There are 2 protein chains.
Amino acid sequence: MAAVEKPLLFSYFRSSCSWRVRIALALKGIQFDQCPINLIQDGGQQLTDEFKRVNPMQQVPALRIDGVTISQSLAIIEYLEETRPLPPLLPKDPIKRAQCRMLSDHITSGIQPLQNLFVLQKVGDGKLEWAQYFIMKGFQALEMLLQETSGKYCVGDEVTMADLCLVPQVANADRYKVSMTPYPTISRINEALLQLEAFQVSHPSVQPDTPQDFQA
Amino acid sequence: MAAVEKPLLFSYFRSSCSWRVRIALALKGIQFDQCPINLIQDGGQQLTDEFKRVNPMQQVPALRIDGVTISQSLAIIEYLEETRPLPPLLPKDPIKRAQCRMLSDHITSGIQPLQNLFVLQKVGDGKLEWAQYFIMKGFQALEMLLQETSGKYCVGDEVTMADLCLVPQVANADRYKVSMTPYPTISRINEALLQLEAFQVSHPSVQPDTPQDFQA
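None of these values were measured; they are calculated from a predicted model. (Residues numbered from 1 in each chain as written. Chains lettered and ligands numbered in written order. Predicted model: local features only at pLDDT ≥ 70, side-chain atom pairs only at ≥ 80, totals over all residues. Heavy atoms only, no water.)

1. Examining the UniProt feature "domain: GST N-terminal" (unreviewed entry) in chain A
Moving on, step 1. The UniProt entry lists residues 5-88 of chain A under the feature "domain: GST N-terminal" (unreviewed entry), expressed in the numbering used here.
Moving on, step 2. Taken end to end, residues 5-88 of chain A has its terminal C-alpha atoms 23 Å apart, with 35% of it in helix and 19% in strand. (UniProt positions renumbered as here; feature names shortened; annotations may be inferred. Helix = DSSP H or I, 4+ residues; strand = E, 2+ residues; numbered from the N terminus.)

Here it is, written out as structure tokens:
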């Protein structure tokens, strides 16, 4: 029997997009190796020519799996869902699937890109206020959308892809000192999810590249 | 036989995210009505309380279909794909599907959000240079990614969801005066796609809300 190579995740402990994928891998029980890419050290290890060949966008995460390298967290999660379907991360009902993808895209296209590291570097002065503005604007809408879709979690009572986006985004909100008081539904779901093992083992505080200061 | 309501698309002629969905509807031959939301007039018609009930994120597009309203262009396109599968907008092979979603997310999360209207309003002075910076950074990576995935179009020789993202993004690049010379693959695919009827009937220059100055 030929040895099957374990998937290799290029990630950074504090990257919210990497965390989404780590949760998916944990929920599906997929063993993987990590190759840490430090986004700060050496001026940003993602900017090397070597990493540019892994991901031309010079961002984490990227997952080497089944002989190819995939970047973009949701594309990775959808691929895992199609090739390793159990347990499912998308509901069965087409309308609920659409709501799950809508909430996921709302976070991954509508909030996170506006407060990620390389954008805030470009903003320069005023970057804390900038990050807060876009997170609060996005959370106001998310709180309303969740009134329609949520049960125990973002879409009904099962963990879905949208939950994998929500928890890391709340951690970013905390990092940028956004008060969560106006968002009781987001807060409630976040707390429920953080009780689950897959969200704990994938947490930024317990990764192989987590510096001592950030360890739980 | 009960009358079946036609889907209703809330859109704006010049919104690149709306254009993606118009192409999908055209390719799949789905008849729909449009409700124009003028993002400029009256300080932005997307900001009204009435539209906030349609889409709390106060953005277009949103599609009212099958009794629900879905926002986020890729969530809408994936829903159309699951409920109206022909002609397909995703390849059959899981790895090609992943590449298609990776390219789509690269544009919809990695490029477009950084140059959309409400972000540029926040940037204020220097917004042209800001838009150009993020489009060029994104296109450099996209050009490299397409070396691996493209045939006649973004993924092989069939039109896919990634193509629905590419053409409107190239139109945005043109709007912000980005030279396309460094991106021969993107340019070639864009030109091939613009020959197709679905990309022509959905074009910003021929929509019900296109002002006279923008008409073809």
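2. Structural notes on the sheet that holds strand 4 (residues 68-71) of chain A
Residue and element names in this part refer to chain A.
Moving on, step 1. Sheet architecture is open: four strands sit in the order 2-1-3-4, paired in mixed fashion. Each having just a single partner strand, strand 2 (33-36) and strand 4 make up the two edges of the open sheet. When the angles between neighbouring strand axes are averaged without regard to direction, this sheet yields 20°.
Moving on, step 2. In the sheet, strand 1 (residues 8-11) pairs with strand 3 (residues 62-65) via three bridges, with the strands oriented antiparallel. Bridge pairing in strand 3 places Leu8 opposite Arg64.
Moving on, step 3. The strands that helix 3 (residues 73-83) touches are strand 3 and strand 4; relative to strand 4, the one it contacts most, it runs at about 125°. (Pairing = 2+ DSSP bridges. Axes fitted to C-alpha atoms, helices over the stretch in contact; angles between N-to-C directions. Contact = heavy atoms within 4.5 Å.)

3. Observations regarding the environment of Arg84 of chain B
All names here are of chain B.
Moving on, step 1. Position of Arg84 among the secondary structure elements: in the loop between helix 3 (73-83) and helix 4 (94-110).
Moving on, step 2. Considered as a pair, Arg84 and Lys28 are 56 residues apart in the sequence and their alpha carbons are 7.4 Å apart.
Moving on, step 3. Excluding residues that lie within four positions of it along the chain, Arg84 makes contacts with Lys28, Ile30, Ile65, Asp66 and Tyr79.
Moving on, step 4. Within the structure, the side chain of Arg84 is placed 2.7 Å from the side chain of Asp66, a separation counted as a polar contact. (Polar contact = N/O pair within 3.5 Å; in protein donor to acceptor, adjacent residues only side chain to side chain.)

4. Some thoughts on the interface of chain A and chain B
Moving on, step 1. With 41 residues of chain A at the interface, the matching set in chain B holds 42 residues.
Moving on, step 2. Of the roughly 3,900 Å² buried where chain A meets chain B, counting both sides, 70% is carbon and sulfur surface.
Moving on, step 3. It is Met57, Gln72 and Lys122 of chain A that lose the most area in chain A upon contact with chain B, and together they represent 15% of the buried surface on that side.
Moving on, step 4. Taken together, chain A and chain B are joined by eight salt bridges.
Moving on, step 5. The partner of Glu78 of chain A in a salt bridge is Arg101 of chain B, with the nearest N and O atoms 3.7 Å apart.
Moving on, step 6. At the junction of chain A with chain B, the criterion picks out 11 residue pairs in polar contact (both at pLDDT 80 or more). (Buried area = accessible area lost by both parts, 1.4 Å probe. Salt bridge = Lys/Arg side-chain N within 4 Å of Asp/Glu carboxyl O.)

5. Considering the nonpolar core
Moving on, step 1. By size, the foremost hydrophobic cluster in this structure holds 116 residues, and its most contacted members are Ile70, Phe139, Leu166 and Ile186 of chain A together with Phe139 and Leu166 of chain B.
Moving on, step 2. Sequence-distant contacts of Phe139 of chain B, defined by excluding residues within four places in its chain, comprise Ile111, Gln169, Val170, Ala173, Met180, Tyr183 and Ile186 of chain B. (Core = buried A, V, L, I, M, F, W, Y, C linked by side-chain atoms within 4.5 Å. Buried < 20%, exposed > 50% of the residue type's maximum accessible area, 1.4 Å probe, protein only.)

6. A few points about the UniProt feature "domain: GST C-terminal" (unreviewed entry) in chain A
Moving on, step 1. If you check UniProt for "domain: GST C-terminal" (unreviewed entry), the listed places come out as residues 93-212 of chain A in our numbering.
Moving on, step 2. For residues 93-212 of chain A, the helix share is 64%, the strand share is 0%, and the end-to-end C-alpha distance is 44 Å.

7. Some points on the pattern of salt bridges
Moving on, step 1. Counted according to the given criterion, the structure contains 16 salt bridges over all chains.
Moving on, step 2. Glu129 of chain B is the salt-bridge partner of Lys122 of chain A, the closest N and O atoms lying 3.2 Å from each other. In this pair, Lys122 of chain A is assigned in helix 5 (residues 117-123) and Glu129 of chain B in helix 6 (residues 127-149), connecting two distinct chains.
Moving on, step 3. Relative accessible area serves as the criterion here: at 28%, Lys122 of chain A is assigned to the partly exposed category.

8. A few points about the relation of the copies chain A and chain B
Moving on, step 1. Each copy of the sequence occupies a distinct position, and chain A is placed on chain B by a rotation of 180° and an axial shift of 0.0 Å, giving an RMSD of 0.0 Å. Put plainly, the chains are arranged around a two-fold axis. For chain A, the residue whose C-alpha comes nearest the rotation axis is Ser109 of chain A, separated from it by 2.1 Å.
Moving on, step 2. Taken as a fraction of all interface residues of chain A, those also at the interface in chain B reach 100%, which identifies the copy contact as same-surface. (Least-squares fit on C-alpha atoms with pLDDT ≥ 70 in both.)

9. Overview of the sheet that holds strand 3 (residues 62-65) of chain B
All names here are of chain B.
Moving on, step 1. The strand order across the open sheet formed by four strands is 2-1-3-4, and the pairing between neighbours is mixed. Both outer strands of the open sheet, strand 2 (33-36) and strand 4 (68-71), are each paired with one neighbouring strand and no more. Neighbour to neighbour, the strand axes of the sheet diverge by 20° on average, direction disregarded.
Moving on, step 2. Packing of helix 1 (residues 16-27) onto the sheet brings it into contact with strand 1 (8-11) and strand 2, and relative to strand 1 it is tilted by some 155°.

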